[in-house]
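# Survey of secondary and tertiary structure
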Amino acid sequence: MEPWWLFWNVTQEVKWLFYISIIVSLLISIKGVRKTLLIWEKGIDDPDEEIYNLKSFDLIKLSFKMFFSPDCLLAKRLSRVSNTRRFFLIITILSSVILIIGVLINFLDYFTHFTTYISQIIPSFAYTFVFISGLFEILGIALIISVLFHLIRRFTNGERIPKNPEVIGMNLIILLLVISGFLIEGIRVSMIKIYDTEFIGSSISFYLKLHSLDKTFLLSLHKLFWIIHVSSFIILLAYFPYSYFSHLFASQITLYAAKRREEGEKEDE
Amino acid sequence: MNNLTNLTKLQIIELYACTRCGECANWCPAVDAYQDNKISPAEKIIKLRRILEGKDVENEEFAEAIFNCTTCGRCYEVCPVGIRCHELWPAVRARLLEKGYGPVEKIIELRETIEKLHNPFGLPMEDRNKWIDKDIFMEKAEIALFIGCELAYRVKPMAIGAVKVLKKSGIKFVLCDDEWCCGFPLYILGDRSDVLKKEIEHNIQIFERIGVKKVAPYCPCCYAIMKKVWKSFNGDRLPFEVVHILKIIADLVKDGKIKFKKPFYGKVVYHDPCYLSRGWEYGNNIIEEPREILRSIRGVELVELPESKKLSRCPGSGGGIRRANPDLSEKMAEQFFDMLRGVDFDVLLTSCPAVNERLNFIMEKKGYEIRVMDILEFASLHI
């Protein structure tokens, strides 16, 4: 059975609406990033500061460079107060980044089928996919647990954490995105009978089969979760530069500055 | 209030870097005292970002929150992404004041007092140096001691102790008989008027005229502004080096030029002043120096406070809080005493005149009985 059949379990109109929404959401997102950069540019370029003379493009470059640098992920600052929080923070960052890259590769594969060509040339390449799909399952679960950790700690341990709707909303959207993704996978696995290493999807599919649910009902459910999944992604993509998620760009820069400051401190000592 | 043109690029990026983790609020002594999250750094950052983006913010409430901070900098130490709120707020205060928000009348009164009498307490200039031997003023020396208003008028034992210890070391130093306010009280409350400029420029000129190579302040607030701000009033350089007196004395102790002959058999706790342990000028933290001095006194058993060194707790003395919101300042001092409960010690030492004043004030008001002393006053008794 064509593996993409169930992916597009929507009408042609919805499919187009999806493409248009993604483009619009991407444009809104780019506009948000541009707006943010313009606000940053308004700041005084202070020679005493660690980012002196860096223009917008340099700042974006620095942010990306720092994102994957140990100076950022393993920064002492992150664990100065709590190692648990550092652990979950790293899990959140790593799992979301790898999952986003995975989705992009999948998206590319849909249009180019490059993985099929590679598998024809190198037959063992198919095993890589088995490994990757298993890894994505683990990362998805890890992301759910870490987002739940961030959300629950806001309400349970009496800490003075800002509980404004934006923070709760953004975290709930992430949860919705990942959970709906697993449910879609579960229904897909139950219908096309491919198990591989998608152990979460397979477990859900096992549960669905246990209850012998009607195929039409399953297809409707699939459509519903697909719409939720796609909508939450579109909202997240469009809104994140306007939200506190802008820390995904900005915090690497402040961490870089803090590190340089602290290095100066050590030299002086 | 939508034009924050005085913020630097990194300061603006810091507003976008906040992850809303709330760690700052967990450690903020002002939030502790008022149990009000509205004054937490994270909440202020949320509002400040809204202002930058041209959105509506309740200005009066925001201004109140911005001034309800001692700029102690503990939030920077615990912030996972390194946001320097203690540097942000003075800049924001300056803009708020321009627009007429915050404790404007109190600040104008302070400005007028400083302009007239060159100290924030409204005390006569001729009383400033009454406590000191005249011979020290006239000596030719490489080091000048910057006393500061709080030591000269309010916490004289600190100044006397510092002079006694320095005299015993045999190094030559000089005191300036025409020292003015360092500018910190105005700067920290956001006043960027000509008075601030005049006070700082006068002090720089005086020390340049005396021809000293080093100026040694004792008050941590004087030290902070001299290190971070003074140079911007003198073409981005100072004609002398600024070295904290505790660093000079710790070096003299290390070199064996100061020896403490009289022992002290007891438990001593040292409170790290915010601007010395954390401060504005990174790399100039004075944390080990006071401990080295104390360890060199025979019999001293140094006990660490539960919140010490880079995480020391401000007892509501700095950042202009005593003037801007005396009620919050008092509550913070009481919280500081709460922290002391359960710590077994004979004497509490500090090197901040504002802390010294605040603790004595609360002890008198509440009837607490704790022995609070300045570290150099204590050292001078054992030399």
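Residues numbered from 1 in each chain as written. Chains lettered and ligands numbered in written order. Predicted model: local features only at pLDDT ≥ 70, side-chain atom pairs only at ≥ 80, totals over all residues.

## Digging into the overall build of chain B
Within chain B, the regular secondary structure consists of 21 helices and eight strands. For 383 residues, the compact-globule estimate of 2.2 N^0.38 gives 21 Å, and chain B sits close to it at 20 Å. On the principal axes, the C-alpha backbone points of chain B span a range of 65 × 50 × 35 Å. Of all 383 residues assigned to chain B, the portion counted as buried reaches 53%. Residue pairs at least 24 apart in sequence account for 79% of intrachain contacts in chain B once pairs closer than 6 positions are excluded. (Helix = DSSP H or I, 4+ residues; strand = E, 2+ residues; numbered from the N terminus. Rg over C-alpha atoms; globule rule 2.2 N^0.38 Å. Buried ≥ 20, exposed ≤ 12 C-beta atoms within 10 Å, placed from the backbone. Contact = placed C-beta atoms within 7 Å.)

## What about the overall build of chain A?
Secondary structure summary: chain A contains eleven helices and zero strands in total. Walking chain A from its N terminus toward its C terminus, one meets helices and strands in the order α-α-α-α-α-α-α-α-α-α-α. Viewed in the frame of its principal axes, chain A has a C-alpha envelope of about 70 × 40 × 40 Å. Every one of the 269 residues in chain A was classed for burial, and the buried ones make up 23%. A sequence separation of at least 24 residues applies to 71% of the contacts in chain A between residues at least 6 apart.

## Here's the deal with helix 19 (residues 326-340) of chain B
All names here are of chain B. Its 15 residues place the ends of helix 19 21 Å apart at the C-alpha level, agreeing with the 21 Å of an ideal helix rising 1.5 Å per residue. The complete set of buried residues in helix 19 reads Leu-328, Ser-329, Glu-330, Met-332, Ala-333 and Phe-336. Contact partners of the buried residues in helix 19: helix 3 (29-34), helix 18 (321-324) and helix 20 (353-366). Gly-342, located one to two residues past helix 19, shows a positive phi value of around 95°. (Expected span 1.5 Å × (residues − 1).)

## Focus: the interface of chain B and chain A
Across the contact, 34 residues belong to chain B and 34 residues belong to chain A. For the side of chain B that touches chain A, the secondary structure elements donating two or more residues are helix 1 (9-17), helix 2 (23-27) and helix 4 (41-52) of chain B. Sorting elements by how many residues they give to the side of chain B that touches chain A places helix 1 of chain B first, with eight residues. For the side of chain B that touches chain A, the per-class residue count stands at 18 nonpolar, ten polar and six charged. (Nonpolar A, V, L, I, M, F, W, Y, C, P; charged D, E, K, R; others polar.)

## A short note on the environment of B:Gln335
With respect to the element layout, B:Gln335 can be found in helix 19. With 17 C-beta atoms packed within 10 Å, B:Gln335 lands in the partly exposed category.

## Notes on the sheet that holds strand 6 (residues 300-303) of chain B
All names here are of chain B. If you walk across this open sheet you meet the four strands as 6-5-7-8, and the pairing is parallel. Strands at the two margins of the open sheet, each flanked by one partner only, are strand 6 and strand 8 (372-374). Averaged over all pairs of adjacent strands, the angle between their axes in this sheet comes to 35°, without regard to strand direction. Pairing geometry for strand 5 (residues 266-271) and strand 7 (residues 347-350), over four bridges, is parallel. Residue pairing in the sheet places Val-269 in a bridge with Leu-348 of strand 7. (Pairing = 2+ DSSP bridges. Axes fitted to C-alpha atoms, helices over the stretch in contact; angles between N-to-C directions.)

## A short note on the sheet that holds strand 4 (residues 241-242) of chain B
Within a sheet, each strand pairs with its neighbour through backbone hydrogen bonds, oriented either parallel or antiparallel. Residues and elements named next belong to chain B. The parallel open sheet is built from four strands, whose spatial order is 2-1-3-4. Unpaired on one side and paired on the other, strand 2 (173-175) and strand 4 mark the two borders of the sheet. Here two bridges tie strand 3 (residues 214-217) to strand 4, and the two strands are oriented parallel to one another. Bridge assignment links Lys-214 to a residue of strand 4, and that residue is Glu-241. Lying over the sheet, helix 14 (residues 220-228) contacts strand 1 (143-146), strand 3 and strand 4, oriented at roughly 145° with respect to strand 3.

## Details of the pairing of strand 3 of chain B
Relative to strand 3 of chain B, strand 1 of chain B runs parallel, the two sharing four bridges. By the bridge assignment for strand 3 of chain B, B:Ile143 is matched with B:Lys214.

## Quick notes on unusual backbone geometry
Unlike most non-glycine residues, A:Asn53 shows phi in positive territory, near 75°. For A:Asn53, the position within the fold is in the loop between helix 1 (12-41) and helix 2 (56-67). You can call A:Asn53 exposed: it has 9 C-beta atoms within 10 Å. Positive phi is not limited to glycine here, since B:Lys309 has a value of about 50°. Positionally, B:Lys309 belongs in the loop between strand 6 and helix 18. On the basis of neighbour counts, which here come to 16 C-beta atoms within 10 Å, the residue B:Lys309 falls in the partly exposed class.

## A look at the domain arrangement of chain B
Residues and elements named next belong to chain B. What the domain assignment reports for chain B is domain 1 (9-102), domain 2 (105-249) and domain 3 (257-380). Contacts between the two partners involve six residues from domain 1 and, on the opposite side, seven residues from domain 2. Looking at the side of domain 1 that touches domain 2 residue by residue, the classes come out as four nonpolar, one polar and one charged. (Domains from an automatic or database assignment.)

## Quick notes on the packing of helix 5 (residues 83-112) of chain A against helix 7 (residues 125-156) of chain A
Residues and elements named next belong to chain A. Two elements in contact, helix 5 and helix 7, have axes separated by 8 Å at closest approach and are oriented at 135°. Comparing their axes, helix 7 and helix 5 come out oblique. Crossing geometry of helix 5 relative to helix 7 is assigned as left-handed. Residue-level contacts link Phe-88, Ile-91, Thr-92, Ser-95, Ser-96, Ile-98, Leu-99 and Gly-102 of helix 5 to Phe-136, Leu-139, Gly-140, Ala-142, Leu-143, Ser-146, Val-147, Phe-149 and His-150 of helix 7. For the contact of helix 5 with helix 7, the residue count by class is ten nonpolar, seven polar and no charged. (Parallel < 35°, antiparallel > 145°, perpendicular 65-115°, else oblique. Left-handed = near helix turned anticlockwise from the far one by under 90°.)

## Some details on the confidence of the model for chain B
Residues and elements named next belong to chain B. On average, residues of chain B score 92 in pLDDT, and 97% of them reach the 70 mark or higher. The secondary structure element of chain B with the lowest average pLDDT is helix 9 (residues 135-138), at 60, and the one with the highest is strand 5, at 97. In the predicted assembly, ipTM is 0.89 and pTM is 0.89. (pLDDT = per-residue confidence, 0-100.)

## Regarding the environment of B:Lys213
Residue and element names in this part refer to chain B. Among the structural elements, Lys-213 can be located in the loop between helix 13 (194-210) and strand 3. The class for Lys-213 is partly exposed, based on 13 C-beta atoms found within 10 Å. Ignoring sequence-local partners within four residues, the contact set of Lys-213 consists of Glu-142, Phe-240 and Glu-241.

## Considerations on the pairing of strand 5 of chain B
A regular strand places its side chains so that they alternate between the two faces of the sheet. For strand 5 of chain B and strand 6 of chain B, the ladder comprises four bridges, and the chain directions are parallel. When the bridges of strand 6 of chain B are listed, B:Gly266 appears paired with B:Val300.

## Observations concerning the confidence of the model for chain A
In this model, chain A carries an average pLDDT of 85, and 93% of its residues clear a pLDDT of 70 or more. The secondary structure element of chain A with the lowest average pLDDT is helix 4 (residues 76-79) of chain A, at 78, and the one with the highest is helix 1 of chain A, at 93.

## Quick notes on the nonpolar core
With 139 residues, the main nonpolar core has B:Ile66, B:Leu145, B:Ala162, B:Val215, B:Cys222, B:Ile225 and B:Ile249 as its most contacted residues. With seven residues, helix 11 (residues 247-268) of chain A is the largest single contributor of residues to this core. Those residues within four positions of B:Ala162 in sequence are excluded, and the remaining contacts are B:Leu145, B:Tyr218, B:Ile245 and B:Leu376. Counting 14 residues, the second-largest nonpolar core is a separate cluster that includes A:Val147, A:Phe182, A:Ile184 and A:Phe225. (Core = buried A, V, L, I, M, F, W, Y, C linked by C-beta atoms within 7 Å.)

## Observations concerning the packing of helix 15 (residues 245-254) of chain B against helix 17 (residues 288-295) of chain B
Residues and elements named next belong to chain B. Following both chains from N to C, one finds helix 15 and helix 17 inclined at 40°, their axes separated by 9 Å at the closest point. Accordingly, the angle class assigned to the pair helix 15 and helix 17 is oblique. Crossing hand, helix 15 versus helix 17: left-handed. Listed contacts from helix 17 to Leu-246, Lys-247, Ile-249, Ala-250, Val-253 and Lys-254 of helix 15 are Glu-289, Pro-290, Glu-292 and Ile-293. Here the contact of helix 15 with helix 17 is composed, by residue class, of six nonpolar, no polar and four charged.

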